[in-house]
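Below, each chain spelled out in residue letters.
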Amino acid sequence: MKKEVSELQKRLVSQREGLAKLSTQFENLREKSSHLEVNNIKLKKNINQILISTKKLKDEQKKQLSKIESEIISLRKNIDSLKGEIQNLESCCKSNTENTSSLEKNVKDLEVRVEKLEEKVKNLRIPSIKIEKVKPK
């Protein structure tokens, strides 16, 4: 019986040592779990801050995109307006060119007529007029 008691005491000591080890490991796990919870909270805060920043950036980019789209629309309207002005100017230029051609033709015709008239004037003979002395009465 002493032997059994001695053996049981050895087992008890061994189990107490095992229990102490398990208790130490359990405390270590609790500490790790506590650290993980703190880190998890920090990570959640960081993620929330990143999400908020991302949302702000996204909203800002949407505003910038909308502004750029408005500018593009405005530029397209200006381009269309300028195209219309260019067409008007081209029409005016064409009309002016036609008018210039017509005026040049008229000038040439007039020059020809003037030359003919000058030739006629040259060929005209002035009748000779005799001037008599006027005698007083």
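Just above sits the structure.
Right, let's walk through the structure included here. (Residues numbered from 1 in each chain as written. Predicted model: local features only at pLDDT ≥ 70, side-chain atom pairs only at ≥ 80, totals over all residues. Heavy atoms only, no water.)

Things to note about the pattern of salt bridges
Part 1 of the reasoning: Under the criterion given, the structure shown has 2 salt bridges.
Part 2 of the reasoning: Notably, a salt bridge pairs Asp59 with Lys55, separated by 3.5 Å at the nearest N-O pair. Of this pair, Asp59 and Lys55 both sit in helix 1 (residues 2-123), 4 residues apart, roughly one helical turn.
Part 3 of the reasoning: Residue Asp59 is classed as partly exposed on the basis of its relative accessible area of 31%. (Salt bridge = Lys/Arg side-chain N within 4 Å of Asp/Glu carboxyl O. Helix = DSSP H or I, 4+ residues; strand = E, 2+ residues; numbered from the N terminus. Buried < 20%, exposed > 50% of the residue type's maximum accessible area, 1.4 Å probe, protein only.)

Let's talk about a negative patch on the surface
Part 1 of the reasoning: Together, Glu111, Glu115, Glu118 and Glu119 make up a negatively charged patch on the protein surface.
Part 2 of the reasoning: Here Glu118 lies in helix 1. (Patch = residues over 30% accessible without salt bridge, like charges linked within 9 Å, V, L, I, M, F, W, Y side chains within 5 Å. Areas by Shrake-Rupley, 256 points an atom, 1.4 Å probe, with all protein chains shown as cover. Lys, Arg positive; Asp, Glu negative; His and termini not counted. Charge placed at Lys NZ, Arg CZ, Asp CG, Glu CD.)

A few points about the environment of Asn123
Part 1 of the reasoning: By the secondary structure assignment, Asn123 is in helix 1.
Part 2 of the reasoning: On a C-alpha basis, the gap between Asn123 and Arg11 in space is 160 Å, while along the polypeptide they are 112 residues apart.

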